[in-house]
Amino acid sequence: MNCIVIDDEATARVIISQLCANVPSLNVLEGFPNAMQAIKYLNQNEVDLIFLDIHMPDFTGFDFIDTLKNPPKIILTTSDPNFAIQAFEYDCIVDYLVKPVSQERFNKAILKAEAKQVIPVKSDSNTDKAETTSGNHLYVNIDRRLIKIDIPSIYLVEAKGDYIQVKTEDKNYTVHSTLKKIEDKLPDDLFLKVHRSYIINIKKIIDIEDNSVLIKKDVIPVSRSNRPELMKRLNLL
């Protein structure tokens, strides 16, 4: 991955570059002491990953991200641990490293960045690639960690206010996200939104009765508008 380092401290840029040098998959193209210089560079060059400090004169790391229309993956490198929750409101941020950073912790951050580099499950050009990897796995942000979920094991996704609950064969996960965002990451051949608050794995249906389906022990309502598509998927029309 081609990357750049943005930090107003020269020593910090050197340290991050040295950590990168120990990871064969990383190629540091440039280092910048401020966001403005980095923006000029990005207007003419493409990168896969940015190591970004938060506290910089005149232009914070978050200000910098807000200027980017299609930001690459970003790993924050900072001495301030107080912005972690705010950081993960940005889909492009894959990890939050608090200085001083050990090589071991740095390597874990790179693994997360590499996981996001893979093409998303759906081929729709409008899908959000954040939190999604290829094949049969979905990555979600939970407590500032990327958790890998086996997609075929998911039998139900339920919207609950500002959160969604992803139910699997082994475990349930509560994620700060929207139903639409997760729907865009799930394969159409397995999943169907049957109600404004529910997405089901049609392969896991046990029983259908009137306007509801039974999956595991959950009785899921099926809206009138979505029932024809469900019947079509199940070859019941």
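Colleague: I would appreciate a short explanation of the overall build of the protein in the present structure.
Modeller: Looking only at helices and strands, the protein features seven helices and 15 strands. Referenced to the eigenvectors of the C-alpha coordinate spread, the extents of the protein come out at roughly 65 × 35 × 30 Å. Counting over 237 residues, the protein shows a buried share of 49%. Sequence separation of at least 24 residues holds for 47% of the intrachain contacts in the protein that already meet a minimum separation of 6. Surface summary for the protein: the accessible area is close to 12700 Å², and the carbon and sulfur share equals 46%. Across the protein, the centroid of the 30 positively charged side chains sits 5 Å from that of the 34 negatively charged ones.

Colleague: Quick question: what am I supposed to make of helix α1 (residues 10–21) here?
Modeller: Since the α-helix turns once every 3.6 residues, residues separated by three or four places project in the same direction. End to end, α1 covers 17 Å across 12 residues, agreeing with the expected 16 Å (1.5 Å per residue, within 8%). Listed in full, the buried residues belonging to α1 are Ala12, Arg13, Ile16, Leu19 and Cys20. One face of α1 carries all of its buried residues, which in axial projection span an arc of 125°. More than 90 degrees from the buried face of α1, the exposed residues found are Thr11 and Ala21. Where α1 is buried, its residues touch β1 (2–6), β2 (27–32), β3 (49–52), β4 (73–78) and α5 (103–116).

Colleague: Please clarify how the sheet that holds strand β9 (residues 163–168) should be interpreted in this entry.
Modeller: Either a parallel or an antiparallel arrangement is found when strands of a sheet pair, and the pairing is made through backbone hydrogen bonds. Overall, antiparallel pairing links the five strands, which are arranged β10-β9-β8-β12-β11 in an open sheet. Strands with a single pairing partner mark the edges of an open sheet, and in this sheet they are β10 (172–175) and β11 (191–195). Between one strand and the next, the sheet's axes are offset by a mean angle of 20°, whatever the strand orientation. Inspection of the sheet shows β9 paired to β10 by four bridges, in the antiparallel sense. Of the residues in β10, the one forming a bridge with lysine 167 is asparagine 172.

Colleague: Even after reading the chapter, I still don't get α5, so can you show me in this structure?
Modeller: Taking 1.5 Å of rise per residue, 14 residues should cover 20 Å, and α5 covers 20 Å from first to last C-alpha, within 8% of that figure. Packing partners of the buried residues in α5 comprise α1, β3, β4, β5 (93–98), β6 (137–142) and β7 (145–150).

Colleague: Help me understand unusual backbone geometry in this model?
Modeller: Negative phi is the rule for most residues except glycine; trans is the rule for most peptide bonds. In this structure, the amide linkage connecting lysine 99 to the following residue, proline 100, adopts the cis form with an omega of -5°. As for its placement among the helices and strands, proline 100 is situated in the loop between β5 and α5. We note that lysine 216 has phi near 55°; this positive angle belongs to a residue other than glycine. Here lysine 216 is to be found in the loop between β14 (212–215) and β15 (218–221). Judged by relative accessible area, lysine 216 falls into the partly exposed class, the value being 38%.

Colleague: Can you help me understand the packing of aromatic side chains in this one?
Modeller: Ring pairs (aromatic) are described by centroid distance and by the angle formed between their planes. Applying the stated criterion across every chain yields a total of four aromatic pairs. The interplanar angle of 50° and the centroid separation of 6.0 Å between the aromatic rings of phenylalanine 62 and phenylalanine 83 together place this pair among those described as tilted. In this pair, phenylalanine 62 sits in helix α3 (residues 61–67) while phenylalanine 83 sits in the loop between β4 and α4 (84–87), placing the two residues 21 residues apart along the sequence. Since its relative accessible area comes to 6%, phenylalanine 62 is described here as buried. On the basis of relative accessible area, phenylalanine 83 is assigned to the partly exposed category, the value being 24%.

Criteria and thresholds
- Residues numbered from 1 in each chain as written.
- Predicted model: local features only at pLDDT ≥ 70, side-chain atom pairs only at ≥ 80, totals over all residues.
- Heavy atoms only, no water.
- Helix = DSSP H or I, 4+ residues; strand = E, 2+ residues; numbered from the N terminus.
- Buried < 20%, exposed > 50% of the residue type's maximum accessible area, 1.4 Å probe, protein only.
- Contact = heavy atoms within 4.5 Å.
- Areas by Shrake-Rupley, 256 points an atom, 1.4 Å probe, with all protein chains shown as cover.
- Lys, Arg positive; Asp, Glu negative; His and termini not counted.
- Charge placed at Lys NZ, Arg CZ, Asp CG, Glu CD.
- Expected span 1.5 Å × (residues − 1).
- Arc of directions from axis to C-beta.
- Pairing = 2+ DSSP bridges.
- Axes fitted to C-alpha atoms, helices over the stretch in contact; angles between N-to-C directions.
- Phe/Tyr/Trp six-rings, centres within 6.5 Å; stacked < 30°, edge-to-face > 60°.

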